[in-house]
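Residue-level structural notes
Spelled out, the chains give:
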Amino acid sequence: MKKKYIRILFLSILISIGCGLSDSPSKKEIKRLTKDLKSKDPEVRSNAAFALGGKKNEAQNAVPFLVKALKDKDRNVRINAVLALGLIGKGAANAIPTLVELLKDPNPDVREYSAYAVGRIKKGAVVAIPSLIRSLQDENTSVRISSIWALGAIGPEAKDATPAIIQSLQDDDRDVRLNAIIALGDIGTEDSIPALAKTLAQPSEDWSILDSAVESLNRIGTPKAIQEIKYFQQKNREIGNFNF
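Here is a short report on the structure shown in this document. Here the structure is a predicted model, which is why all the values come from computation and not from measurement.

For the structure on display, the rule yields 1 aromatic pair. Ring geometry for Tyr116 versus Trp149: centroids 5.1 Å apart, planes at 50°, classification tilted. With Tyr116 in helix H7 (residues 108-121) and Trp149 in helix H9 (residues 141-154), the pair connects residues that are 33 residues apart, well separated along the chain. The class of Tyr116 is buried, set by a relative accessible area of 6%. Exposure remark for Trp149: the relative accessible area of 32% places this residue in the partly exposed category.

Here it is, written out as C-alpha coordinates:
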(Lines give C-alpha, C1' and ligand atoms only; values in the text may rest on other atoms or scores of the structure.)
Protein backbone atom coordinates (compact mmCIF):
# COMPACT_ATOMS: atom_id res chain seq x y z
CA MET A 1 0.00 0.00 0.00
CA LYS A 2 1.42 3.37 -0.98
CA LYS A 3 2.30 5.94 1.62
CA LYS A 4 -0.38 8.35 0.47
CA TYR A 5 -3.03 5.66 0.89
CA ILE A 6 -1.75 4.92 4.38
CA ARG A 7 -2.06 8.60 5.24
CA ILE A 8 -5.60 8.75 3.89
CA LEU A 9 -6.53 5.56 5.73
CA PHE A 10 -5.08 6.96 8.96
CA LEU A 11 -7.10 10.15 8.60
CA SER A 12 -10.28 8.18 7.79
CA ILE A 13 -9.82 5.99 10.87
CA LEU A 14 -9.13 9.05 12.99
CA ILE A 15 -12.35 10.64 11.76
CA SER A 16 -14.49 7.54 12.22
CA ILE A 17 -13.37 6.63 15.75
CA GLY A 18 -12.71 10.14 17.04
CA CYS A 19 -9.18 9.25 18.12
CA GLY A 20 -10.59 6.53 20.35
CA LEU A 21 -11.64 9.00 23.01
CA SER A 22 -14.89 9.26 24.90
CA ASP A 23 -18.03 10.37 23.05
CA SER A 24 -19.45 11.87 26.27
CA PRO A 25 -16.83 14.30 27.54
CA SER A 26 -17.49 16.55 30.49
CA LYS A 27 -17.63 20.28 30.05
CA LYS A 28 -14.98 20.50 32.74
CA GLU A 29 -12.56 18.39 30.70
CA ILE A 30 -13.14 20.43 27.55
CA LYS A 31 -12.56 23.61 29.54
CA ARG A 32 -9.26 22.18 30.83
CA LEU A 33 -8.13 21.17 27.34
CA THR A 34 -9.07 24.58 26.00
CA LYS A 35 -6.93 26.16 28.68
CA ASP A 36 -4.06 23.86 27.72
CA LEU A 37 -4.13 25.35 24.22
CA LYS A 38 -2.60 28.46 25.81
CA SER A 39 0.25 26.55 27.48
CA LYS A 40 3.82 27.71 26.89
CA ASP A 41 4.75 24.09 26.16
CA PRO A 42 4.08 23.24 22.48
CA GLU A 43 3.67 19.55 23.33
CA VAL A 44 0.90 20.36 25.81
CA ARG A 45 -0.80 22.58 23.22
CA SER A 46 -0.50 19.88 20.56
CA ASN A 47 -1.91 17.17 22.84
CA ALA A 48 -4.77 19.42 23.87
CA ALA A 49 -5.76 20.05 20.27
CA PHE A 50 -5.54 16.32 19.53
CA ALA A 51 -7.74 15.47 22.53
CA LEU A 52 -10.33 18.11 21.65
CA GLY A 53 -10.65 16.51 18.23
CA GLY A 54 -11.57 13.28 20.00
CA LYS A 55 -14.51 15.07 21.60
CA LYS A 56 -15.89 15.81 18.13
CA ASN A 57 -19.05 17.96 18.09
CA GLU A 58 -19.05 18.12 21.90
CA ALA A 59 -16.06 20.46 21.63
CA GLN A 60 -17.81 23.17 19.59
CA ASN A 61 -17.18 25.75 22.31
CA ALA A 62 -13.45 25.20 21.81
CA VAL A 63 -13.60 26.15 18.10
CA PRO A 64 -12.50 29.80 18.57
CA PHE A 65 -9.45 28.63 20.52
CA LEU A 66 -8.64 25.94 17.96
CA VAL A 67 -8.87 28.58 15.24
CA LYS A 68 -6.25 30.61 17.10
CA ALA A 69 -4.13 27.47 17.35
CA LEU A 70 -4.14 27.24 13.55
CA LYS A 71 -1.65 30.11 13.59
CA ASP A 72 0.61 28.49 16.19
CA LYS A 73 4.33 28.58 15.38
CA ASP A 74 4.61 24.86 16.12
CA ARG A 75 3.83 22.60 13.16
CA ASN A 76 2.34 19.80 15.28
CA VAL A 77 0.00 22.18 17.06
CA ARG A 78 -1.27 23.49 13.73
CA ILE A 79 -1.78 20.00 12.33
CA ASN A 80 -3.66 18.73 15.39
CA ALA A 81 -5.79 21.87 15.49
CA VAL A 82 -6.68 21.32 11.83
CA LEU A 83 -7.58 17.68 12.48
CA ALA A 84 -9.62 18.64 15.53
CA LEU A 85 -11.69 21.13 13.57
CA GLY A 86 -12.32 18.53 10.89
CA LEU A 87 -13.49 16.05 13.53
CA ILE A 88 -15.81 18.63 15.10
CA GLY A 89 -17.39 18.99 11.66
CA LYS A 90 -20.09 21.47 10.76
CA GLY A 91 -19.88 23.03 14.21
CA ALA A 92 -16.48 24.37 13.17
CA ALA A 93 -17.79 26.33 10.18
CA ASN A 94 -16.28 29.54 11.55
CA ALA A 95 -12.84 28.01 10.97
CA ILE A 96 -13.25 27.80 7.19
CA PRO A 97 -11.63 31.20 6.38
CA THR A 98 -8.51 30.39 8.40
CA LEU A 99 -8.33 26.86 6.97
CA VAL A 100 -8.43 28.42 3.50
CA GLU A 101 -5.40 30.53 4.46
CA LEU A 102 -3.61 27.37 5.57
CA LEU A 103 -3.95 25.91 2.08
CA LYS A 104 -0.93 28.14 1.43
CA ASP A 105 1.00 27.01 4.52
CA PRO A 106 4.66 26.19 3.77
CA ASN A 107 4.24 22.76 5.36
CA PRO A 108 2.59 20.26 2.96
CA ASP A 109 1.06 18.25 5.83
CA VAL A 110 -0.76 21.35 7.05
CA ARG A 111 -2.02 22.06 3.53
CA GLU A 112 -3.15 18.47 3.07
CA TYR A 113 -5.06 18.22 6.34
CA SER A 114 -6.54 21.69 5.94
CA ALA A 115 -8.17 20.61 2.70
CA TYR A 116 -9.55 17.49 4.36
CA ALA A 117 -10.87 19.56 7.27
CA VAL A 118 -12.70 21.88 4.87
CA GLY A 119 -14.36 18.88 3.25
CA ARG A 120 -15.25 17.40 6.63
CA ILE A 121 -16.78 20.64 7.94
CA LYS A 122 -18.61 21.16 4.64
CA LYS A 123 -20.93 23.82 6.08
CA GLY A 124 -19.85 27.13 4.59
CA ALA A 125 -17.15 25.41 2.55
CA VAL A 126 -18.35 26.95 -0.72
CA VAL A 127 -16.12 29.96 -0.05
CA ALA A 128 -13.12 27.61 -0.11
CA ILE A 129 -13.80 26.32 -3.63
CA PRO A 130 -11.54 28.81 -5.49
CA SER A 131 -8.63 28.05 -3.15
CA LEU A 132 -9.20 24.31 -3.40
CA ILE A 133 -9.16 24.61 -7.19
CA ARG A 134 -5.79 26.37 -7.00
CA SER A 135 -4.54 23.60 -4.72
CA LEU A 136 -5.15 21.09 -7.50
CA GLN A 137 -1.89 22.48 -8.94
CA ASP A 138 0.05 21.97 -5.70
CA GLU A 139 3.46 20.36 -6.18
CA ASN A 140 2.66 17.89 -3.39
CA THR A 141 0.63 14.87 -4.52
CA SER A 142 -1.12 14.37 -1.17
CA VAL A 143 -2.27 18.00 -1.18
CA ARG A 144 -3.73 17.56 -4.67
CA ILE A 145 -5.54 14.42 -3.56
CA SER A 146 -6.95 16.02 -0.41
CA SER A 147 -8.12 19.07 -2.36
CA ILE A 148 -9.92 16.88 -4.88
CA TRP A 149 -11.49 14.91 -2.05
CA ALA A 150 -12.69 18.11 -0.37
CA LEU A 151 -14.31 19.36 -3.57
CA GLY A 152 -16.09 16.04 -3.95
CA ALA A 153 -17.21 16.20 -0.32
CA ILE A 154 -18.73 19.64 -0.92
CA GLY A 155 -20.78 17.97 -3.65
CA PRO A 156 -22.98 19.63 -6.28
CA GLU A 157 -22.20 23.08 -4.91
CA ALA A 158 -18.66 22.57 -6.20
CA LYS A 159 -19.82 22.25 -9.82
CA ASP A 160 -17.66 25.21 -10.85
CA ALA A 161 -14.63 23.07 -9.99
CA THR A 162 -15.60 20.44 -12.57
CA PRO A 163 -13.27 21.69 -15.36
CA ALA A 164 -10.28 21.76 -13.00
CA ILE A 165 -11.05 18.28 -11.68
CA ILE A 166 -11.38 17.00 -15.24
CA GLN A 167 -7.94 18.42 -15.90
CA SER A 168 -6.67 16.37 -12.96
CA LEU A 169 -7.57 13.23 -14.93
CA GLN A 170 -4.35 13.98 -16.84
CA ASP A 171 -2.23 13.95 -13.68
CA ASP A 172 0.79 11.66 -13.77
CA ASP A 173 -0.17 10.21 -10.39
CA ARG A 174 -2.64 7.35 -10.56
CA ASP A 175 -4.19 8.15 -7.14
CA VAL A 176 -4.87 11.74 -8.17
CA ARG A 177 -6.71 10.45 -11.25
CA LEU A 178 -8.69 7.96 -9.17
CA ASN A 179 -9.80 10.59 -6.66
CA ALA A 180 -10.70 12.95 -9.48
CA ILE A 181 -12.99 10.32 -11.00
CA ILE A 182 -14.70 9.73 -7.66
CA ALA A 183 -15.10 13.48 -7.05
CA LEU A 184 -16.74 13.96 -10.43
CA GLY A 185 -19.33 11.40 -9.40
CA ASP A 186 -19.84 13.16 -6.06
CA ILE A 187 -20.42 16.50 -7.77
CA GLY A 188 -22.60 14.87 -10.39
CA THR A 189 -22.62 17.37 -13.23
CA GLU A 190 -23.35 16.17 -16.77
CA ASP A 191 -20.30 18.10 -17.96
CA SER A 192 -18.22 15.27 -16.51
CA ILE A 193 -19.69 12.60 -18.77
CA PRO A 194 -17.38 13.05 -21.80
CA ALA A 195 -14.26 12.98 -19.61
CA LEU A 196 -15.42 9.89 -17.74
CA ALA A 197 -16.31 8.19 -21.02
CA LYS A 198 -12.85 9.03 -22.32
CA THR A 199 -11.35 7.36 -19.26
CA LEU A 200 -13.30 4.21 -20.04
CA ALA A 201 -11.80 4.26 -23.53
CA GLN A 202 -8.27 4.02 -22.14
CA PRO A 203 -7.42 0.31 -21.77
CA SER A 204 -4.11 1.21 -20.17
CA GLU A 205 -5.86 2.28 -16.98
CA ASP A 206 -6.19 -0.30 -14.20
CA TRP A 207 -9.55 -1.83 -13.40
CA SER A 208 -10.06 0.07 -10.15
CA ILE A 209 -10.00 3.34 -12.09
CA LEU A 210 -12.30 1.99 -14.79
CA ASP A 211 -14.66 0.61 -12.15
CA SER A 212 -14.74 3.99 -10.39
CA ALA A 213 -15.50 5.72 -13.69
CA VAL A 214 -18.45 3.38 -14.22
CA GLU A 215 -19.65 4.06 -10.68
CA SER A 216 -19.38 7.84 -11.16
CA LEU A 217 -21.34 7.68 -14.40
CA ASN A 218 -23.94 5.57 -12.64
CA ARG A 219 -24.22 8.17 -9.88
CA ILE A 220 -24.67 10.95 -12.42
CA GLY A 221 -27.45 8.77 -13.73
CA THR A 222 -28.60 10.68 -16.81
CA PRO A 223 -29.55 8.76 -19.97
CA LYS A 224 -26.27 9.83 -21.58
CA ALA A 225 -24.26 8.58 -18.59
CA ILE A 226 -26.05 5.21 -18.59
CA GLN A 227 -25.53 4.95 -22.34
CA GLU A 228 -21.76 5.34 -21.88
CA ILE A 229 -21.78 2.57 -19.28
CA LYS A 230 -23.66 0.21 -21.58
CA TYR A 231 -21.31 1.01 -24.46
CA PHE A 232 -18.30 0.23 -22.27
CA GLN A 233 -19.81 -3.03 -21.05
CA GLN A 234 -20.73 -4.12 -24.56
CA LYS A 235 -17.25 -3.32 -25.85
CA ASN A 236 -15.66 -5.45 -23.12
CA ARG A 237 -17.95 -8.37 -23.85
CA GLU A 238 -16.92 -8.19 -27.50
CA ILE A 239 -13.23 -8.46 -26.64
CA GLY A 240 -13.84 -11.21 -24.10
CA ASN A 241 -13.25 -9.21 -20.95
CA PHE A 242 -15.90 -10.19 -18.41
CA ASN A 243 -14.86 -8.06 -15.47
CA PHE A 244 -17.83 -5.79 -16.21
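Locating Thr222 in the fold gives a position in the loop between helix H13 (207-220) and helix H14 (223-238). With near-sequence residues (within four places) excluded, Thr222 lies in contact with Glu190 and Ile193.

Right, let's talk about helix H2 (residues 27-36) for a bit. For H2, the full list of buried residues reads Ile30, Leu33 and Thr34. Relative to the axis of H2, the buried residues are bounded by an arc of 105° and lie together on one face. For H2, the exposed residues lying more than 90 degrees away from the buried face are Lys28, Lys31 and Lys35. Residues of H2 that are buried make contact with helix H3 (42-54) and helix H4 (63-69).

Evaluated as defined, the whole model comprises 11 salt bridges. Among the ionic pairs, Arg32 bridges to Asp36, the shortest N-O distance being 3.3 Å. Note that Arg32 and Asp36 are positioned in helix H2 at a spacing of 4 residues, about one turn of the helix. Relative accessible area serves as the criterion here: at 44%, Arg32 is assigned to the partly exposed category.

Before going further, it helps to spend a moment on unusual backbone geometry. Positive phi, normally seen in glycine, also occurs at Lys56, with a value near 50°. Looking at the element boundaries, Lys56 is found in the loop between H3 and H4. One non-glycine residue, Lys122, lies in the positive phi region at around 65°. With respect to the element layout, Lys122 can be found in the loop between H7 and helix H8 (129-135). On the basis of relative accessibility, which here comes to 46%, the residue Lys122 falls in the partly exposed class.

Calculation notes
Residues numbered from 1 in each chain as written. Predicted model: local features only at pLDDT ≥ 70, side-chain atom pairs only at ≥ 80, totals over all residues. Heavy atoms only, no water. Phe/Tyr/Trp six-rings, centres within 6.5 Å; stacked < 30°, edge-to-face > 60°. Helix = DSSP H or I, 4+ residues; strand = E, 2+ residues; numbered from the N terminus. Buried < 20%, exposed > 50% of the residue type's maximum accessible area, 1.4 Å probe, protein only. Contact = heavy atoms within 4.5 Å. Arc of directions from axis to C-beta. Salt bridge = Lys/Arg side-chain N within 4 Å of Asp/Glu carboxyl O.

As far as function goes, none of this settles anything; it's purely spatial.
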